[in-house]
Amino acid sequence: MSQDLHTRKLLTVICEAGLEEELAADFAAGGACGYTVTDARGQGAHGHRDGSWSSGANIRIEVLCDEPTALGLLEMLATRYFADYYMVAFVSDVAVLRPGKFQSVAN
Amino acid sequence: MSQDLHTRKLLTVICEAGLEEELAADFAAGGACGYTVTDARGQGAHGHRDGSWSSGANIRIEVLCDEPTALGLLEMLATRYFADYYMVAFVSDVAVLRPGKFQSVAN
Amino acid sequence: MSQDLHTRKLLTVICEAGLEEELAADFAAGGACGYTVTDARGQGAHGHRDGSWSSGANIRIEVLCDEPTALGLLEMLATRYFADYYMVAFVSDVAVLRPGKFQSVAN
Amino acid sequence: MPFEPVILFFALGLFAGVIRSDLKIPGVLYESLSIFLLLAIGLKGGIELAKVPLASVAGQAAVVVAVALLIPLTAFALLRGPGGLVRADAASIAAHYGSVSVVTFAVAVSFLARTGLDAEGYLVVFLVFLEFPALIVGVILARRDAAGTRWGHLLHEVLSGKSIVLLLGGLVIGWIAGAEGIKPLDRLFIDLFKGMLAFFLLEMGLVVASRLGDLRRAGAFLLVFAVAMPVAAGMLGIVTANAIGLSTGGAVLLATLYASASYIAAPAAMRIAVPEANPALSIGAALGVTFPFNLLAGIPLYHWLAVRTHGFFA
Amino acid sequence: MPFEPVILFFALGLFAGVIRSDLKIPGVLYESLSIFLLLAIGLKGGIELAKVPLASVAGQAAVVVAVALLIPLTAFALLRGPGGLVRADAASIAAHYGSVSVVTFAVAVSFLARTGLDAEGYLVVFLVFLEFPALIVGVILARRDAAGTRWGHLLHEVLSGKSIVLLLGGLVIGWIAGAEGIKPLDRLFIDLFKGMLAFFLLEMGLVVASRLGDLRRAGAFLLVFAVAMPVAAGMLGIVTANAIGLSTGGAVLLATLYASASYIAAPAAMRIAVPEANPALSIGAALGVTFPFNLLAGIPLYHWLAVRTHGFFA
Amino acid sequence: MPFEPVILFFALGLFAGVIRSDLKIPGVLYESLSIFLLLAIGLKGGIELAKVPLASVAGQAAVVVAVALLIPLTAFALLRGPGGLVRADAASIAAHYGSVSVVTFAVAVSFLARTGLDAEGYLVVFLVFLEFPALIVGVILARRDAAGTRWGHLLHEVLSGKSIVLLLGGLVIGWIAGAEGIKPLDRLFIDLFKGMLAFFLLEMGLVVASRLGDLRRAGAFLLVFAVAMPVAAGMLGIVTANAIGLSTGGAVLLATLYASASYIAAPAAMRIAVPEANPALSIGAALGVTFPFNLLAGIPLYHWLAVRTHGFFA
Ligand SMILES: Nc1ncnc2c1ncn2[C@@H]1O[C@H](COP(=O)(O)O)[C@@H](O)[C@H]1O
Ligand SMILES: Nc1ncnc2c1ncn2[C@@H]1O[C@H](COP(=O)(O)O)[C@@H](O)[C@H]1O
Ligand SMILES: Nc1ncnc2c1ncn2[C@@H]1O[C@H](COP(=O)(O)O)[C@@H](O)[C@H]1O
Ligand code: NA
Ligand code: NA
Ligand code: NA
């Protein structure tokens, strides 16, 4: 089984909830084949965001993709969002069975 | 401290919400000692699933277990679910302090 | 781009929902610069927790930090919480762009 | 023709979805409202049921359920033959159309109230017993050999589904407690019903808007089917209602039940029992076409037909 | 004996849970309903409180709270001695039984309304002041040395808990605004109260069903305790009510308060203050046995006893 | 001076937040209540609008909206000049104060009802048309060159925002269906309005408490601005109301609209259009100071001024 596993990247972004639609569009433009969102709350450099109120809620978005796409998306986030928005982003290694499903069409 | 850390696998499955009970049973049968579910929404090969409506909601399930269990569960998912259901699954490495807690009884 | 990436640790804790405030305080005391919480449900050694009811709900907390902080927090959890509370904790490797944002002030 | 304002809320939701407004009804509110509607409909039905002899209702229900089996069988034949769909898809869609939509029924009740036409209150009993048989028919149609099907599991899934439990539970509570016992609950379950329905329809409009994309993949045959099938089923409902001696109002409601397509119980059951069927097709047709068609044109049409034909078959 | 239909909703929830229906009340609806119930009970109490002299209520409350301390102390002695539980578990369970269940109280009020018996409206004040002292007793019992306990933290936790804040907040708002000022809010907080309670009990049935598994681990002694303790406490409540001159209805309510076991404030407080106690035991007993017992048998029993003994102790 | 009890719920929420109670209103309940309030306000406005000639309302609305543009312009000048804020922050705050707060308006309507003063029901139309122009002004002020702004995107964002869609949708439904058609929905949308508002204000109290920390970063000038700006805008509203011939009650409501600062539409729009503005400043001022100020002191003040000056300008 384990020889069928392929390495892919998982990009995780935690940010203010209002960005959901914009990020979805940006991810698609950057070559991602999908994304998953969960509602979140938390604390960071910009204080406590308790999620009780639309402007005070966070989301947590995951994008499973190949390495070039992940790095491209991360760079896009750094350029376009890091300065002005409440955001944290990180990339990790994961193994998947169907590598084609998470291969960018663009790259 | 770090010498007490043991490597385990984290299997993450993102799929349609209706599968929660079936997957829980399958995971237990496959040797998992537990699982964690969060509600999710997202986009993939099968279009947008916005979670506003029971048939259009996703879940995100995590199972922390040893490597053989993780690979066995992944194979089970591939055989039983990948063809017909909306599903994404990946495995990653994590470090834990209490390895016995995440050791399959079966394996 | 990839040469700008720095390795950090992601500590993930899944536990009973009532601990949210205490853990937030403990994490801050242990040098974490932030955390993210999502609501969860699940099953483990202590049976099914379906989240339908405050005393039966779980949360999933993530802390992105440097390695010493992650190990310190994990040890703190083991000492203070593992015995009495419903809790699972694990650490994984992630790559970030802004390492300073996730560097403990304390350490 | 009487005009039912709750429809406007559906239109508003549809509009908001189509213009891609950021209006979102939280999933939890949707769930809460549907629990409320199911319970309230059950309670009202139970109170009415207490007023009539059970045996006569049981007799009518048996006929109504038996005749209704024609619907999934016909649908399957059409979808498989002229429609050219694969077996699983044809069977799954047939199950959706054989089952019923509770909200469509509720809108028909509202509509009737505005026309001043009375209907047998115990028709909710038919609603309960029309929901699940078609689901079982659908599974049988999908698997002729039936070897792989875990029937016990499936039956449990269908019979313990939340819509059956809440409708039947409400029915039993209403029947035991009676109008007098339920009175202190009227404020919530009776007085607010219409407003909650309006709210729910707003959400349904948003959901339908989000499913319109599925229709593109559906093909012309399925689109025609999604309008023709309810009309045919509605007419079958009127004939059946006349045959068993229901009032004109009862005929409108039975026509609506027959004509409506399930989008709660059926999707859940089919996803588990016939996973190889494509849910985008069945939900696209049932929710994207038939549901709005029934709300906007079907119910007034069944009303017109029922009034016109009343006594004709007697 | 009068029969209270809201109980049927509890039974429906229990049934749905036991047959493993996919009916789930969203956690958020549970939270919302409990906020509503707590606020509404507080408001009603505050309106009533405005009608009586504060000093006399304060005197009665002092007696009621002082006598109530017997409950956790007795419970602890029984659980630790004959029950053989470890100190932490005995103390935690004692705290649950010493505190009160707001929903049990609300069902008793509904029950009374059906019997036509009046009760002092200001009894809600006792509800507030019975909730937290037992929690503090429980912590003292758990830690004789009390060295490790962060008392400031614990007191804050208990007194700023949502049930105290909402009950007391409602009480104060009702007291300041009075019946006249609250009138425009009656539609929500008074008229819908019973329906919301029914809805909440449906959810409670589901929750209780999900906790029945805990009972297996509880042992026979705890099961007996979970029925005998409320009966004994209920009788203490009737005696106390008679001693301080409450009406028969007031005696039923005070008996119910004494007999009920907390499942909101106590679990939260004990989890933080006595973490080594096993919550499956206390919640299993309080929610799995005592809560349904009080609803189904306890309240009618306290009513019967209160009617029978009224004037006897005076 | 008449006293409005719903304010007490706001105070309770604020209190609970300040003492760090574990009381939390689920975000979903907040969303649900705000959808309810927006729809209900729209519906009521639509029913009233159906009673007056559209042309005359349109004329008044044009004046009201044109005059209102003075508010963001003045605010910007003050914040940029004496306030010393950077362009983006000044523009974003100006947009918040130029737009309106629906809940503040609802409290003013409640307040008026208690005073017995009537107001033109169609003022809801102004509410809708006051919400978005200031947002566009804010963006223009933020980007003089406007090169980078995706205007199409922004206009869509603003006009399809949920508050506009629900208010305008409710208005249209109320206008089409009329008082008679909406009657079965009154139980929910009219009777429960006040109670729902109380509930929502409880939540708003908690939200405001959680934003009080932002005020520390705001600086003295912004704090003074957050009180002085609404008073000045309120006076402008009274003058305008008199000029276009509104009743005294209408003047109170228009003053409240002018004085109120948006905390739903504006934060969402500014975050997308002027991301470099610090939301802690605008939300801290609008929600942390101006919202409670208007509730507790502003509305009574505008009432006092409107009564005093009525007929003076005519
Ligand atoms: N060190 C961290 N670990 C985990 N989550 C974080 C961390 N820092 C920030 N976050 C999350 O990211 C959101 C925005 O972060 P910030 O921009 O730093 O305020 C916060 O509300 C948290 O949910
Ligand atoms: N590339 C991806 N990255 C993250 N989540 C994904 C991805 N593809 C699919 N998903 C999630 O998995 C669900 C089912 O995927 P699919 O079967 O591809 O439609 C989607 O609704 C998403 O929530
Ligand atoms: N093996 C596991 N994999 C994923 N989540 C787990 C696992 N074990 C426990 N959990 C989660 O941690 C919570 C507490 O675990 P426990 O203390 O083992 O009951 C459970 O309710 C689950 O949500
Ligand atoms: Na049908
Ligand atoms: Na008690
Ligand atoms: Na304004």
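Below or above, wherever it landed, is the structure these notes cover. (Residues numbered from 1 in each chain as written. Chains lettered and ligands numbered in written order. Predicted model: local features only at pLDDT ≥ 70, side-chain atom pairs only at ≥ 80, totals over all residues. Heavy atoms only, no water.)

1. Here we look at the site of ligand 1
Spelled out, the test is: By convention in these notes, a residue is near a molecule or strand provided one of its non-hydrogen atoms lies within 4 Å of it. Within 3.5 Å is the distance limit for a polar contact, defined as a pair of N or O atoms, with the added protein rule that one can donate a hydrogen and the other accept it, and that residues adjacent in sequence qualify only through two side-chain atoms. Each accessible area is a Shrake-Rupley estimate made with a 1.4 Å probe; only the visible protein chains count as cover when residues are assessed. Helix and strand assignments come from DSSP, with helices taken as H or I runs of at least 4 residues and strands as E runs of at least 2, each series counted from the N terminus. Three classes are used, and their members are as follows: Ala, Val, Leu, Ile, Met, Phe, Trp, Tyr, Cys and Pro are nonpolar, Asp, Glu, Lys and Arg are charged, and the others, Gly among them, are polar.
Taken together, 20 residues are adjacent to ligand 1, and A45(A), H46(A), N58(A), T36(C) and K101(C) come closest. The environment of ligand 1 is shared, with nearby residues belonging to chains A and C. Note that an oxygen atom of ligand 1 is positioned 3.3 Å from one of the backbone N or O atoms of M87(A). G34(C) places a main-chain nitrogen or oxygen 3.4 Å from a nitrogen atom of ligand 1. Surface burial for ligand 1 is 99%, taken as the share of its 470 Å² of free accessible area covered by protein chains. Considering every element that reaches the shell around ligand 1, the biggest residue donor is strand β2 (residues 35-44) of chain A, with four residues. A per-class count over the shell around ligand 1 returns nine nonpolar, seven polar and four charged.

2. Some details on the interface of chain D and chain F
This is how it is decided: We call two residues in contact when some of their heavy atoms are within 4.5 Å. The term buried area denotes the loss of accessible surface (1.4 Å probe radius) that occurs when two parts are joined, taken as the sum for both partners. Whenever a carboxyl oxygen of Asp or Glu lies within 4 Å of a side-chain nitrogen of Lys or Arg, that contact is scored as a salt bridge.
Between chain D and chain F, the residue contacts involve 25 residues of the former and 25 residues of the latter. Summed over both sides, the interface between chain D and chain F buries roughly 2,100 Å², with carbon and sulfur atoms accounting for 81% of that surface. Counting the surface chain D buries against chain F, the share from its top three residues, F9(D), L12(D) and F199(D), is 24%. Summed over the shared surface of chain D and chain F, the result is zero salt bridges. At the surface where chain D touches chain F, the tally comes to four residue pairs in polar contact (both at pLDDT 80 or more). Considering each element in turn, the side of chain D that touches chain F owes the most residues, six residues, to helix α11 (residues 193-216) of chain D.

3. A word on the relation of the copies chain D and chain F
Two copies of a chain can be linked by a rotation about an axis combined with a shift along that same axis. Note the cut-off: Residues reaching a pLDDT of at least 70 in both copies supply the C-alpha atoms on which the copies are superposed by least squares.
For the pair chain D and chain F, the best superposition has an RMSD of 0.0 Å and corresponds to a rotation of 120° with a translation of 0.0 Å parallel to the axis. In short, the pair behaves as if placed about a three-fold rotation axis. Considering only C-alpha atoms, the residue of chain D closest to the rotation axis is V28(D), which sits at 4.1 Å. The overlap is low: 8% of the interface residues of chain D also sit at the interface in chain F, so different surfaces are used on the two sides.

4. Remarks on the site of ligand 3
In the vicinity of ligand 3, 20 residues are found, and the nearest of them are T36(B), K101(B), A45(C), H46(C) and N58(C). At the site occupied by ligand 3, the surrounding residues belong to chains B and C. Residue G34(B) places a main-chain N or O atom 3.4 Å away from a nitrogen atom belonging to ligand 3. Taking M87(C), its main chain carries an N or O atom lying 3.3 Å from an oxygen atom of ligand 3.

5. Quick word on the coordination of the sodium ion (ligand 6)
Test applied: For Na, K and Ca the donor cut-off is 3.2 Å, and for all other metals it is 2.8 Å, counting N, O and S atoms only; because water is absent from this set, sites may look incomplete. With a 1.4 Å probe rolled over the protein chains alone, any residue whose accessible area is under 20% of its type maximum counts as buried; one over 50% counts as exposed, and the rest are partly exposed.
Within the protein, the sodium ion (ligand 6) binds to Y97(F) (O), S99(F) (O), L257(F) (O), Y258(F) (O) and S260(F) (O); these donor distances fall in the range 2.3 to 3.1 Å. Judged by its relative accessible area of 1%, L257(F) is buried.

6. A look at the coordination of the sodium ion (ligand 4)
All names here are of chain D. Only Y97 (O), S99 (O), L257 (O), Y258 (O) and S260 (O) from the protein coordinate the sodium ion (ligand 4), and they sit 2.4 to 3.1 Å from it. In the primary sequence, the donor residues of the sodium ion (ligand 4) line up as Y-x1-S-x157-L-Y-x1-S. With S99 in the loop between α5 (87-98) and α6 (102-115) and Y258 in helix α13 (residues 248-259), this pair connects stretches of sequence that are 159 residues apart. Of the two residues, S99 and Y258, both sit in the buried class.

7. Quick word on the state of the cysteines
To keep it simple, the criterion reads: In what follows, a disulfide is any cysteine sulfur pair within 2.5 Å.
Inspection of the entire model under this criterion finds zero disulfides over all chains. For C15(A), which is in no disulfide, the shortest distance to another cysteine sulfur is to C65(A) and amounts to 16 Å.

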